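Architecture at a glance
So the chains spell out like this:
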Amino acid sequence: MKKITLVLISLMAFTAFAEVSSTDKEALLKFYEATNGKQWKTTWDINGPVENFYGVTVVNDRVVGISLPNNNLQGQLPEALSGLKFLETLNLFKNDLSGTIPQSIGNLTHLKQLNISFNKLTGTIPSSLWTITSLQSLELYMNNLTGTLPSEIGNLKNLETLSLFNNSLEGELPSQLYSLTQLKVLMLSSNNFSGRLSYEIENLKKLENLSLFENNFIGQVPFEIEKLKNLKELNISYNKFTGLISYAMANKDSFQMTMLNEKGVAVRLMLLSDNTGLVGSPD
């Protein structure tokens, strides 16, 4: 009985001090080298245990989180990141990363939170990213990303935050976007999106923040926006919307529906008749 107890204690001790998988450690070291780790504000002792690496979270000997915001990371995101098969959080906000987002990011099938905003990333959003169905938050704002939003965005059924503002994205919003019923935050401002905003926006019943400011949307502002009872913040001004709006919508928008006409002149949308039968301005 004593021998069995000793064996169990030994196994428990081994488990407690087991090292992070060699695959994960190798991926971290390649990431460190690719982003000029020696020049980070807070760097890693790469000869020490991974559990002590700044900003790295380890669970059951696997790396599940990397959080290095505002840490002077430079260079490009390496393909080696895809080796972190159990990664759930990747936060590299406000660094000096450049180049494209690697296509291999789609291999991070457990990823829930991705924030690589406020960098110098270029190119299109890799198609593989739309296959990460576990994603709950996707933040790529304030980069130099181009291209369109594909229909495959509809795969991200668990997405609660989509923040892509201040890029150079273009094209019409795919209808599949309106099927993301868990969305609470949709921020697409300061891009080159165009086309009409669909009445299907009423499907986004959990939406709390909608920002489409400074794009090229046209047509009538859908009155279905008024059905979004959880909506707290709305900014769709400085587009090319036309037609009438309600007082309720105008009062929610911080610029009260100021648009740009075909001459680039700022104009206010007319208000729909209220219960007095009058049409007026929000002033």
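Residues numbered from 1 in each chain as written. Predicted model: local features only at pLDDT ≥ 70, side-chain atom pairs only at ≥ 80, totals over all residues. Heavy atoms only, no water.

1. Some details on the overall build of the protein
Counting its secondary structure elements, the protein contains three helices and 21 strands. Here the protein, with 283 residues, has 46% of them falling under the buried criterion. When contacts within the protein are restricted to residue pairs at least 6 apart in sequence, long-range pairs at least 24 apart make up 45% of them. Accessible surface computed for the protein: about 14,000 Å², of which carbon and sulfur atoms make up 53%. (Helix = DSSP H or I, 4+ residues; strand = E, 2+ residues; numbered from the N terminus. Buried < 20%, exposed > 50% of the residue type's maximum accessible area, 1.4 Å probe, protein only. Contact = heavy atoms within 4.5 Å. Areas by Shrake-Rupley, 256 points an atom, 1.4 Å probe, with all protein chains shown as cover.)

2. What about the environment of Leu 92?
Within the fold, Leu 92 resides in the loop between strand 4 (89–91) and strand 5 (96–99). Judged by relative accessible area, Leu 92 falls into the buried class, the value being 0%. Expressed as a C-alpha distance, the spacing of Leu 92 and Ser 117, which sit 25 residues apart in the sequence, is 7.2 Å. Beyond its immediate chain neighbours, meaning those up to four positions away, Leu 92 contacts Phe 31, Ile 66, Leu 68, Leu 73, Leu 77, Leu 97, Asn 115, Ile 116, Ser 117 and Asn 119.

3. Brief notes about a nonpolar patch on the surface
Among the surface-exposed residues, Phe 223, Leu 244, Met 270 and Leu 272 lie close enough to one another that they form a single nonpolar patch of about 320 Å² accessible area. With respect to the helices, strands and loops of the structure, Phe 223 is situated in the loop between strand 15 (216–220) and strand 16 (233–235). Overall, the relative accessible area of 31% leaves Phe 223 in the partly exposed class. (Patch = residues over 30% accessible without salt bridge, like charges linked within 9 Å, V, L, I, M, F, W, Y side chains within 5 Å. Salt bridge = Lys/Arg side-chain N within 4 Å of Asp/Glu carboxyl O.)

4. Considering the side chain of Ser 190
Checked against the element boundaries, Ser 190 lands in the loop between strand 12 (185–187) and strand 13 (192–196). Only 2.7 Å separates the side chain of Ser 190 from the side chain of Glu 214, close enough to count as a polar contact. For Ser 190, the residues in contact, after removing those within four places along its chain, are Asn 166, Asn 167, Phe 213, Glu 214 and Asn 215. (Polar contact = N/O pair within 3.5 Å; in protein donor to acceptor, adjacent residues only side chain to side chain.)

5. As for the sheet that holds strand 11 (residues 168–172)
Note: strands within a sheet are paired through backbone hydrogen bonds, in either parallel or antiparallel orientation. Taken in spatial order, the eight strands of this open sheet run 3-5-7-9-11-13-15-17, and their pairing is parallel. Edge strands, defined here as strands with exactly one partner in the open sheet, are strand 3 (74–76) and strand 17 (240–242). In this sheet, adjacent strand axes meet at a mean angle of 15° when their direction is disregarded. Direction of pairing for strand 11 relative to strand 13: parallel, over a ladder of three bridges. Directly across from Glu 170, in strand 13, lies its bridge partner Asn 192. (Pairing = 2+ DSSP bridges. Axes fitted to C-alpha atoms, helices over the stretch in contact; angles between N-to-C directions.)

6. As for the pattern of salt bridges
Enumeration over the complete set of coordinates arrives at four salt bridges. The salt bridge partner of Arg 62 is Asp 24, with a shortest N-O separation of 3.1 Å. Placement of Arg 62 in strand 2 (residues 62–67) and of Asp 24 in helix 2 (residues 22–34) is noted, with a sequence separation of 38 residues between them. By relative accessible area, which is 22% here, Arg 62 ends up partly exposed. Note that Asp 96 and Lys 120 form a salt bridge whose closest N and O atoms lie 3.0 Å from each other. Taken as a pair, Asp 96 in strand 5 and Lys 120 in strand 7 (residues 120–124) lie far apart in primary sequence, 24 residues in all.

7. Considering the environment of Phe 165
Counting through the fold element by element, Phe 165 comes out in the loop between strand 10 (161–163) and strand 11. Ignoring anything within four residues of it in the chain, the contact list for Phe 165 reads Tyr 141, Met 142, Met 187, Leu 188, Ser 189 and Asn 191.

Spatial relationships are all this shows, so hold off on functional conclusions.
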